[in-house]
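What follows is the residue order along each chain.
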There are 2 protein chains.
Amino acid sequence: MNDELFNLIERLANLLRQETRLEGLSLGLQPIQQEALYYLSTCNRYSDTTLAVTEFLGLTKGTVSQSLKVLENKSLIIRQKDEKDKRITHLKVTNSGQAFLAKTCPPQKFSSAVKNLSTHEQDETKDLLYKLLNNYQEVTGRTAFGVCKNCKFNQNTPEGIRCGLTFETLSLDDVKLICKEYST
Amino acid sequence: MNDELFNLIERLANLLRQETRLEGLSLGLQPIQQEALYYLSTCNRYSDTTLAVTEFLGLTKGTVSQSLKVLENKSLIIRQKDEKDKRITHLKVTNSGQAFLAKTCPPQKFSSAVKNLSTHEQDETKDLLYKLLNNYQEVTGRTAFGVCKNCKFNQNTPEGIRCGLTFETLSLDDVKLICKEYST
DNA sequence: TCAAATATGTTTTGACTCGATACTATTAAA
DNA sequence: TTTAATAGTATCGAGTCAAAACATATTTGA
């Protein structure tokens, strides 16, 4: 059974990677670079660093550093030094980066395939994969990476939404993003 | 929605790849080489060629040829010339190849994660991913790769099970394997 | 019948990925 | 104030990958 699930996920991932390779051809972007760019477009301001990308992709920081350099050279991201901690550099997706992602991510044929499932099936698949991923992340002991508003540190106070870790106020857009400190 | 599904599959695949990398360390096997070996252990005698592996992994035949050379050098597979068509070479997994796969494929932590789902959830996930993969393969126009016994060419005659394409008799083990001619 | 087209597969080349290691700079801790 | 930890970059070598050229074997078709 886990055999079959393993096989299915591998094959879906192979197809995705293949389509991603084609979509990235126009800008000369490799699959892994597109994944990094996509992640940066979905994460919040606590999670837009080289190290966060490293944990998310499951690679080493040296490797990721190189991929990010490519994205910067192509003006798809820009670097912003952190105000308080000068070791940290924030990575922000530029407008042309957003434009590229809007066209290519998720790949068109994948979206078509998803649309051929019923709405109920789509929801069901999402829930189940989410459970599986959570289990897997727990077993491997990795950073969970979840959506801010579902996090146990997320506090809805009379003065607005707040993060219980940083004590900063969060906007309605903020809480939709992915955070590396996510915990349940 | 397809955004979320895309993201989930990518992340599961990243974790799998990472674990695969670790598991392959003992034999010096790269993730893609392990995937090829795993495929060869699950496919039938019509689908154990360089070209079939190429289609399955979605790479080019030159690339795959190199990965297979590594597997052969490590005595995890052997080559068998086809009797009828001398262009074709069949790739068979050796005993040590099978032993390696039994230990590492699917990765242990992934299996643990799957076991934390209920039996019903596991079945449900499998069915949904199977549907999604089928849709995706259809949209991309790729070879489907399905299990022999579910194929429209599979014929259950009084003289035994037969393939309607090759007209060869199939054993009970044969029909459990993956075939590149699979069609519904 | 026999040349042209097609199919299976290998080899080579160059761009890129990746982990490992060593390195710099900044911050935290003892 | 040393010492350790954190964030990140640079370099190296092994390996992936697509593309192209190549070698054989089979099929097609005039």
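Cut-off values and rules
- Think of each chain on its own: its residues are numbered from 1, step by step along the sequence as written.
- As a convention, the first chain written is A and the first ligand written is 1, with the rest following in written order.
- The model is predicted, so local features are restricted to residues of pLDDT at least 70 and side-chain atom pairs to those at 80 or more, both for listing and for counting; the totals for chains, interfaces and linings are taken over all residues.
- With hydrogens and water excluded, all non-hydrogen atoms of the structure serve as input to the side-chain values.
- Criterion for a salt bridge: a side-chain nitrogen of Lys or Arg within 4 Å of a carboxyl oxygen of Asp or Glu.
- Secondary structure elements follow DSSP: runs of H or I of four or more residues count as helices, runs of E of two or more count as strands, with numbering from the N terminus.
- Accessibility here uses a 1.4 Å probe with only protein chains present; expressed as a share of the type maximum, an area under 20% marks a residue as buried, one over 50% as exposed, and anything in between as partly exposed.
- A least-squares superposition brings the copies together, and it is based on the C-alpha atoms of residues with pLDDT no lower than 70 in both.
- What makes two residues a contact is simply this: any of their non-hydrogen atoms within 4.5 Å.
- The axes used here are C-alpha line fits, helices contributing only the stretch in contact, and every angle between their N-to-C directions lies in the interval 0 to 180 degrees.
- For classification, angles of less than 35 degrees are called roughly parallel, those exceeding 145 degrees roughly antiparallel, those between 65 and 115 degrees roughly perpendicular, and all remaining angles oblique.
- Three classes are used, and their members are as follows: Ala, Val, Leu, Ile, Met, Phe, Trp, Tyr, Cys and Pro are nonpolar, Asp, Glu, Lys and Arg are charged, and the others, Gly among them, are polar.
- Take the accessible area each of two parts loses on contact, using a 1.4 Å probe, and add the two losses: that sum is the buried area.
- By the criterion applied in these results, polar contacts are pairs of N or O atoms within 3.5 Å in which, for protein atoms, one can donate a hydrogen and the other can accept it, and in which residues neighboring in sequence qualify only through two side-chain atoms.
- The cutoff for a nearby residue is simple: one of its non-hydrogen atoms must lie within 4 Å of the molecule or strand.
- Put simply, a nonpolar core is a bunch of buried Ala, Val, Leu, Ile, Met, Phe, Trp, Tyr and Cys residues held in one set by side-chain atoms that sit within 4.5 Å of each other.
- Strand pairing is defined by DSSP finding a minimum of two bridges between the two strands.
- Here the expected length of a helix is defined as 1.5 Å per residue gap, with one fewer gap than residues.

Draft legend 1. Here's a closer look at the pattern of salt bridges. Residue and element names in this part refer to chain B. Summed over the entire model, instances satisfying the criterion amount to 20 salt bridges over all chains. Its salt-bridge partner being Arg 17, residue Glu 35 comes within 3.6 Å of it at the nearest N-O pair. One end of the pair, Glu 35, is in helix α2 (residues 31-42); the other, Arg 17, is in helix α1 (residues 2-23), and 18 residues separate them in sequence. With relative accessibility at 8%, the residue Glu 35 sits in the buried group. By relative accessible area, Arg 17 is classed as partly exposed at 29%.

Draft legend 2. How the structure looks around the relation of the copies chain B and chain A. Mapping chain B onto chain A is achieved by rotating through 180 degrees and translating by 0.0 Å along the same axis, at an RMSD of 0.0 Å. Overall, the copies show the geometry of a two-fold rotation axis. Of the interface residues in chain B, 100% have counterparts in chain A that sit at the interface too, so the contact is made through matching surfaces.

Draft legend 3. Seen up close, the packing of α2(B) against helix α5 (residues 95-104) of chain B. Residue and element names in this part refer to chain B. Viewed as axis vectors pointing N to C, α2 and α5 meet at an angle of 105 degrees, and their least axial separation amounts to 10 Å. Taken as axis vectors, α2 and α5 run roughly perpendicular relative to one another. Across the interface between the two elements, Gln 34, Leu 37, Tyr 38 and Ser 41 from α2 touch Gly 97, Gln 98, Phe 100, Leu 101 and Thr 104 from α5. For the contact of α2 with α5, the per-class residue count stands at four nonpolar, five polar and no charged.

Draft legend 4. Representation of the interface of chain B and chain A within the structure. Opposite the 56 residues of chain B that make contact, chain A presents 56 residues. Of the roughly 6,400 Å² buried at the junction of chain B and chain A (both faces included), carbon and sulfur atoms supply 68%. Three residues, B:Phe6, B:Arg11 and B:Tyr136, lead the burial of chain B against chain A; their summed loss comes to 13% of the area buried on that side. Between the two partners, chain B and chain A, sit four salt bridges. Of the charged contacts, one joins B:Lys126 and A:Glu4 as a salt bridge, the two residues approaching to 3.9 Å between their closest N and O atoms. The interface formed by chain B and chain A holds twelve residue pairs in polar contact (both at pLDDT 80 or more) in total. Sorting the residues of the side of chain B that touches chain A by element identifies α1, α2, α3 (50-57), α6 (108-115) and α7 (119-140) of chain B as the ones contributing at least two each.

Draft legend 5. Quick look at the protein's contact with DNA strand C. By nearness alone, 24 residues border DNA strand C, and A:Gln33, B:Lys61, B:Ser65, B:Arg79 and B:Thr89 come closest of all. In DNA strand C, atoms within 4 Å of the protein come from the sugar-phosphate backbone in 71% of cases. At 3.4 Å, a side-chain N or O of B:Thr50 approaches a phosphate oxygen of DNA strand C. Here a phosphate oxygen of DNA strand C and a backbone polar atom of B:Leu51 are 3.2 Å apart. When residues of the surface near DNA strand C are traced back to their parent elements, those giving at least two are α2 (31-42) and α4 (61-73) of chain A together with α3 and α4 (61-73) of chain B. With five residues, α4(B) is the single largest residue contributor to the surface near DNA strand C. Here the residues of the surface near DNA strand C sort into four nonpolar, eleven polar and nine charged.

Draft legend 6. Inspection of the nonpolar core at higher detail. One finds A:Tyr39, A:Leu40, A:Phe110, B:Tyr39, B:Leu40 and B:Phe110 to be the most contacted residues of the largest nonpolar core, which totals 76 residues. Residues in contact with B:Tyr39, not counting those within four places in the same chain, are B:Ser47, B:Ala52, B:Val53, B:Phe56, B:Phe145 and B:Ile178.

Draft legend 7. Layout of the sheet that holds strand β4 (residues 154-157) of chain B. Residues and elements named next belong to chain B. One open sheet holds the three strands; their spatial order is β4-β5-β6, and the pairing between them is antiparallel. The open sheet has two free edges, formed respectively by β4 and β6 (169-170), since each of these has just one partner strand. Here two bridges tie strand β5 (residues 160-163) to β6, and the two strands are oriented antiparallel to one another. Bridged to Ile 161 within β6 is Leu 170.

Draft legend 8. Representation of the protein's contact with DNA strand D within the structure. With respect to spatial proximity, 24 residues lie near DNA strand D, and among them A:Lys61, A:Ser65, A:Arg79, B:Gln30 and B:Gln33 are the closest. With respect to DNA strand D, the backbone of A:Leu51 contributes an N or O atom lying 3.1 Å from a phosphate oxygen. The separation between a phosphate oxygen of DNA strand D and a polar main-chain atom of A:Thr89 is 3.0 Å. Broken down by secondary-structure element, the contributors of at least two residues to the surface near DNA strand D are α3 (50-57) and α4 of chain A together with α2 and α4 of chain B. It is α4(A) that provides the largest number of residues to the surface near DNA strand D, a total of five residues. Residues belonging to the surface near DNA strand D are distributed by class as follows: four nonpolar, eleven polar and nine charged.

Draft legend 9. Examining α2(A) more closely. Residue and element names in this part refer to chain A. Over its twelve residues, α2 extends 17 Å from the first C-alpha to the last, a length consistent with the 16 Å expected when each residue adds 1.5 Å. Taking burial as the measure, the twelve residues of α2 include ten buried ones, the bulk of the element. All of the buried residues along α2 are Pro 31, Gln 33, Gln 34, Glu 35, Ala 36, Leu 37, Tyr 38, Tyr 39, Leu 40 and Thr 42.

Draft legend 10. Geometry of the packing of α2(A) against α4(A). Residues and elements named next belong to chain A. Interaxial distance between α2 and α4 falls to 10 Å at its minimum, and their mutual angle equals 75 degrees. The orientation of α2 relative to α4 falls into the category roughly perpendicular. For the pair α2 and α4, contact is made by Ile 32, Gln 33, Ala 36, Leu 37 and Leu 40 and by Ser 67, Leu 68, Val 70 and Leu 71, respectively. Considering only residue class, the contact of α2 with α4 consists of seven nonpolar, two polar and no charged.

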